[in-house]
Amino acid sequence: MAELDINWVRAQFPAFAEPSLQGQAFFENAGGSYTCKPVIDRLTRFYHQRKVQPYGPYEASRLAGEEMDEARSKLAAMLGVATDELSFGPSTTQNTYVLAQAFQQHLAPGDAIIVTNQDHEANTGPWRRLADEGVEVREWQLDAETGQLSLADLADLLSDAKVKLVCFPHCSNVVGEINDVATICAMAKAAGAYSCVDGVSYVPHGFVNVDTLGADIYLFSAYKTYGPHQGLMVIRRALGEVLPNQGHFFNAGALYKRFTPAGPDHAQIAASAGMADYVDALADHHGLSGDTAGRTAGVHDLQRAHEVRLLQPLLDYLSSKNSVRVLGPSQAENRAPTVAMAAQVPGLVLAQKLAAHGIMAGGGDFYAERALRAQGVDPANGVLRVSFTHYTTEAEVTKLITALDQVL
């Protein structure tokens, strides 16, 4: 495999040429990534030329609708699903809430769902509220020492026919370990349950093939995958046509409208096609050929290889420090480059100290109170979290390690 051309990559992100950001290394990508130029260009063009009600008979309106349709079709092809199996909403949290309302109407009293305590609260809370409606909520609990989710524990939770849905993260925003999504989805299916995967913390490190993973629902956020603030939601047809319609009654026949009751943000949906433009350009630059799914998988592997190479030295350094506890695996191969550290000093204080060294990082509980408490970390103290993606350089990781050595 060719090595990622990091200089070319960074040239596609205007933030790296922004004077106000010079001298600072961005390590809070888990909170939201920089935006790539194709997205910015498409958003600018839409507001300049297409900011009208789309799908009308006049030219500007026709072009606006075409750009929105282009975003859906291009991204769906990258994800290995049909175009109408992909929906856009204002955020992943909002999309999850709407889905939970649909399942509330669909499930019968005594039915059970499985959630984890490894999740970001915004993406597990809506499911947990179904307990108020008589649904049994079973918690798949992480290991207090490793942060891992055990497949044996899941098998026990799936041991009867009451479970209808399994909700879990592709990876946690504080543990970072990449869960075996394909195996978990297969286990759920074998037990007669649907699967809902929160991919928010994983997809920034490579777009996935949802069909290959076997997920019935897959959710992620465009603003963490170099795009605008939108939530992307894949619902496979077999499930989407069974769940009660949550949109306008006259849109019930359109799968991609059934779970988006609010009016769509036309400009941001159209701009989301820029994420596909970027992946296409990345594939072309690195000589990747084949169909859309194959090229997307090739880009995914390029990104991951670069991230793994940069992540391991950071994990090795942190493993040598007695003053911090790193949550999640110490090996880069099976984790995203999202590293949460617990210390006696509050995480936010450490992040503030890093800022003085030109490091942009985050501190706090990151809406993962359940995961932190389960691992013996006081959410009030929080963690320092450093996170990067494929546009980060080796020099920036070295700068981070040097700064950490000063503040830990």
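Preceding block: the structure.
Since this is a predicted model, take the numbers as computed values, not measurements.

What counts as what
- Residues numbered from 1 in each chain as written.
- Predicted model: local features only at pLDDT ≥ 70, side-chain atom pairs only at ≥ 80, totals over all residues.
- Heavy atoms only, no water.
- Helix = DSSP H or I, 4+ residues; strand = E, 2+ residues; numbered from the N terminus.
- Expected span 1.5 Å × (residues − 1).
- Contact = heavy atoms within 4.5 Å.
- Buried < 20%, exposed > 50% of the residue type's maximum accessible area, 1.4 Å probe, protein only.
- Axes fitted to C-alpha atoms, helices over the stretch in contact; angles between N-to-C directions.
- Parallel < 35°, antiparallel > 145°, perpendicular 65-115°, else oblique.
- Left-handed = near helix turned anticlockwise from the far one by under 90°.
- Nonpolar A, V, L, I, M, F, W, Y, C, P; charged D, E, K, R; others polar.
- Pairing = 2+ DSSP bridges.

A.B. asks: For helix H15 (residues 394-407), give the residues involved together with the corresponding values.
C.D. replies: Along its 14 residues, H15 runs 20 Å from first to last C-alpha, staying within 8% of the 20 Å computed at 1.5 Å per residue. For H15, the elements touching its buried residues are helix H1 (6-11), strand S1 (25-26), helix H12 (292-319), helix H13 (347-355), strand S11 (359-360) and strand S13 (383-387).

A.B. asks: I'd like a rundown of unusual backbone geometry, residues and numbers included.
C.D. replies: The backbone of Tyr226 sits at a positive phi, close to 70 degrees, despite the residue not being glycine. For Tyr226, a relative accessible area of 2% puts it in the buried group. Despite not being glycine, Phe366 has its phi angle at roughly 55 degrees, a positive value. Along the chain, Phe366 falls in the loop between strand S12 (362-364) and helix H14 (369-374). Classification of Phe366 as buried rests on a relative accessible area of 12%.

A.B. asks: Can you break down the packing of H13 against H15 residue by residue, with the values?
C.D. replies: At a closest axis distance of 10 Å, the pairing of H13 and H15 adopts a crossing angle of 120 degrees. When the interaxial angle is binned, H13 and H15 end up oblique. In terms of crossing hand, the pair formed by H13 and H15 is right-handed. In this structure, H13 contributes Leu350, Lys353 and Leu354 to the contact, and H15 contributes Ala403, Leu404 and Val407. In the contact of H13 with H15, the residues fall into 5 nonpolar, no polar and 1 charged.

A.B. asks: Break down the pairing of S13 for me, with residues and values.
C.D. replies: Summarising burial for S13: 5 of the 5 residues are buried, a large majority. Side chains Val383, Arg385 and Ser387 project from S13 onto one buried face, and the interleaved Leu384 and Val386 project onto a second face that is buried too. One ladder, built from 4 bridges, connects strand S10 (residues 338-342) with S13; its direction is antiparallel. Within S13, the residue paired with Thr338 across the bridge is Ser387. Across 3 bridges, the pairing between S12 and S13 is antiparallel. Along S13, the bridge assignment pairs Gly363 with Leu384.

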